[in-house]
Amino acid sequence: MTQSPATVVVVEDEPVIAEAVAARLRADGHRVEVAADGLEGVELCRRTRPDLVVLDLMLPGIDGYEVCRRVQAERPVPVLMLTARDDETDVVVGLRVGADDYLTKPFGARELSARVAALLRRAARTPEAGARLRLGEAELDPVTRTANRGGSPVHLTPTEFDLLARLAERPGAVLSREQLLADVWGWRDAGSTTRTVDTHVAAVRRKLGDGVVRTVHGVGYAGGAA
Ligand code: CA
């Protein structure tokens, strides 16, 4: 698998972790810029227009949630959030404000590389021109990666877009949470993380209406009727 070098912004106030993350991502061939607090991180994203942001949750000044909100509001970009502990609330809130994935500290360098590669692969997927996908009241344009509901534009995070696009590609097909994790998030071993899928489904329903995704109890999810 070849992967072109990406620009990655790392927002992390602990110098040892920031250095380790930056060193690993540079070794993977990426261009890496580091910010030590939230405001600097937002400014760095504005300036460098990164392909991915690695974002610590607990930061001096504005925290990772607020950084994520501000960055996503300006220009959607995949965000890998770093959390200090395996606290479900942190993760759920993080995903709600537009993070695409998260890593709990301490994490290994290989896991970091794998998660970053999976997020970049997803973002790089180029769909066929012209095709529009419909789900419930929603319409997705895979080329511009935009969505609208009844003609009005709706902002989706990159992960929310990919989740809906995956469901729309196979109308009526029921996909398990594990399958969606593998296809959309690129995770091989879903383990106990299938709640991530539920959180994202809830988010897209809030934005695009309940009809956009159908719950198939005991199985998983299917795209809503067009
Ligand atoms: Ca921190």
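Above this text you will find the structure in question.
Residues numbered from 1 in each chain as written. Predicted model: local features only at pLDDT ≥ 70, side-chain atom pairs only at ≥ 80, totals over all residues. Heavy atoms only, no water.

Trainee: In this structure, what is going on with the overall build of the chain? I would like to understand it.
Mentor: Looking only at helices and strands, one finds eight helices and 12 strands in the chain. For the chain, the proportion of contacts with a sequence separation of at least 24, taken over those separated by at least 6, is 57%. A total of about 10,800 Å² of accessible surface is found on the chain, and carbon and sulfur atoms cover 51% of it. (Helix = DSSP H or I, 4+ residues; strand = E, 2+ residues; numbered from the N terminus. Contact = heavy atoms within 4.5 Å. Areas by Shrake-Rupley, 256 points an atom, 1.4 Å probe, with all protein chains shown as cover.)

Trainee: Any chance you could explain the pattern of salt bridges here in plain terms?
Mentor: Side chains that carry opposite charge are capable of pairing whenever their charged atoms lie near each other. The full count for this structure, using the stated rule, is 18 salt bridges. With a closest N to O distance of 3.1 Å, Asp162 and Arg145 form a salt bridge. Within this pair, whereas Asp162 is found in helix H6 (residues 158-169), its partner Arg145 is found in the loop between strand E7 (138-141) and strand E8 (146-149), the two being separated by 17 residues in sequence. Its relative accessible area of 9% is what places Asp162 among the buried residues. Assessed through its relative accessible area of 29%, Arg145 is described here as partly exposed. Among the salt bridges present, the one from Arg166 reaches Asp183, with a minimum N-O distance of 2.6 Å. Here Asp183 lies in helix H7 (residues 177-185) and Arg166 lies in helix H6, a separation of 17 residues in the sequence. The exposure classification of Arg166 matches that of Asp183, with both residues buried. Three or more residues joined by partner-sharing salt bridges are found here, namely Glu12, Glu14, Asp56 and Lys105. (Salt bridge = Lys/Arg side-chain N within 4 Å of Asp/Glu carboxyl O. Buried < 20%, exposed > 50% of the residue type's maximum accessible area, 1.4 Å probe, protein only.)

Trainee: What is the right way to look at the coordination of the calcium ion in this model?
Mentor: Any two of four tetrahedral donors ideally make an angle of 109.5 degrees at the metal, while pairs among six octahedral donors ideally make 90 or 180 degrees. Protein-derived ligands of the calcium ion are Asp13 (OD), Asp56 (OD) and Met58 (O), with the metal-ligand distances lying across 2.1 to 2.3 Å. All donors of the calcium ion belong to a single chain; written as a sequence motif, their spacing is D-x42-D-x1-M. With Asp13 in the loop between strand E1 (7-11) and helix H1 (15-27) and Met58 in the loop between strand E3 (52-56) and helix H3 (64-74), this pair connects stretches of sequence that are 45 residues apart. Exposure remark for Asp13: the relative accessible area of 30% places this residue in the partly exposed category. Classification of Met58 by relative accessible area gives exposed; the value is 54%. (Donors = N, O, S within 2.8 Å, 3.2 Å for Na, K, Ca; no water.)

Trainee: I would appreciate a short explanation of the pairing of E8 in the present structure.
Mentor: Strand residues, when the strand is regular, have side chains that alternate between the two faces of the sheet. Where E7 and E8 come together, four bridges link them in antiparallel fashion. Looking at E8, one finds that Asp141 is bridged to Thr146. Following E7, the chain reverses through four residues before pairing antiparallel with E8; Arg145 in that reversal takes a positive phi of roughly 55°. Strand direction decides the pairing type here: E8 and strand E9 (residues 152-154), joined by three bridges, are antiparallel. (Pairing = 2+ DSSP bridges.)

Trainee: For this particular structure, what's the right way to read empty space enclosed by the protein?
Mentor: Over the atoms, a rolled probe matching the size of one water molecule traces out where space is still vacant. Taken as a whole and judged by the stated rule, the model has one cavity of 30 Å³ or more. Volume-wise, the largest cavity comes out at about 30 Å³. If you trace the largest cavity, you find it lined by Pro78, Asp100, Leu119, Arg122, Ala123, Pro158, Thr159 and Asp162. Classifying every residue of the lining of the largest cavity by side-chain character gives four nonpolar, one polar and three charged. Both domains that furnish three or more residues to the lining of the largest cavity are identified here as domain 1 (7-123) and domain 2 (133-223). (1 Å grid on protein atoms, 1.4 Å probe; cavity = no way out; pocket = protein on both sides within 12 Å on 5 of 7 lines; lining within 4 Å. Points joined across faces, edges and corners; volume = space filled by probe spheres on them. Nonpolar A, V, L, I, M, F, W, Y, C, P; charged D, E, K, R; others polar. Domains from an automatic or database assignment.)

Trainee: What should I look at first to understand H3 in this one?
Mentor: In an α-helix, one turn spans 3.6 residues, which is why side chains three or four residues apart end up on the same side. The set of residues buried in H3 consists of Gly64, Tyr65, Val67, Cys68, Val71 and Gln72. Buried residues of H3, viewed axially, fall in a sector of 160°; they line one side. Its side-chain oxygen placed 3.2 Å from the backbone nitrogen of Tyr65, Asp63 serves as the N-cap of H3. (Arc of directions from axis to C-beta. Polar contact = N/O pair within 3.5 Å; in protein donor to acceptor, adjacent residues only side chain to side chain.)

Trainee: Help me understand the sheet that holds strand E4 (residues 79-83) in this model?
Mentor: Pairing between the strands of a sheet comes from backbone hydrogen bonds, and it takes one of two forms, parallel or antiparallel. Strand order across the open sheet formed by five strands is E2-E1-E3-E4-E5, with parallel pairing between neighbours. Edge strands, defined here as strands with exactly one partner in the open sheet, are strand E2 (31-35) and strand E5 (101-104). In this sheet, neighbouring strand axes are inclined to one another by 20° on average, regardless of whether the strands run parallel or antiparallel. Pairing of E1 with E2 involves five bridges; the strand directions are parallel. What sits directly across from Val9, in E2, is Glu33. Packing of H1 onto the sheet brings it into contact with E1, E2 and E3, and relative to E2 it is tilted by some 170°. (Axes fitted to C-alpha atoms, helices over the stretch in contact; angles between N-to-C directions.)

Honestly, that's just the spatial picture; any functional story needs more than this.
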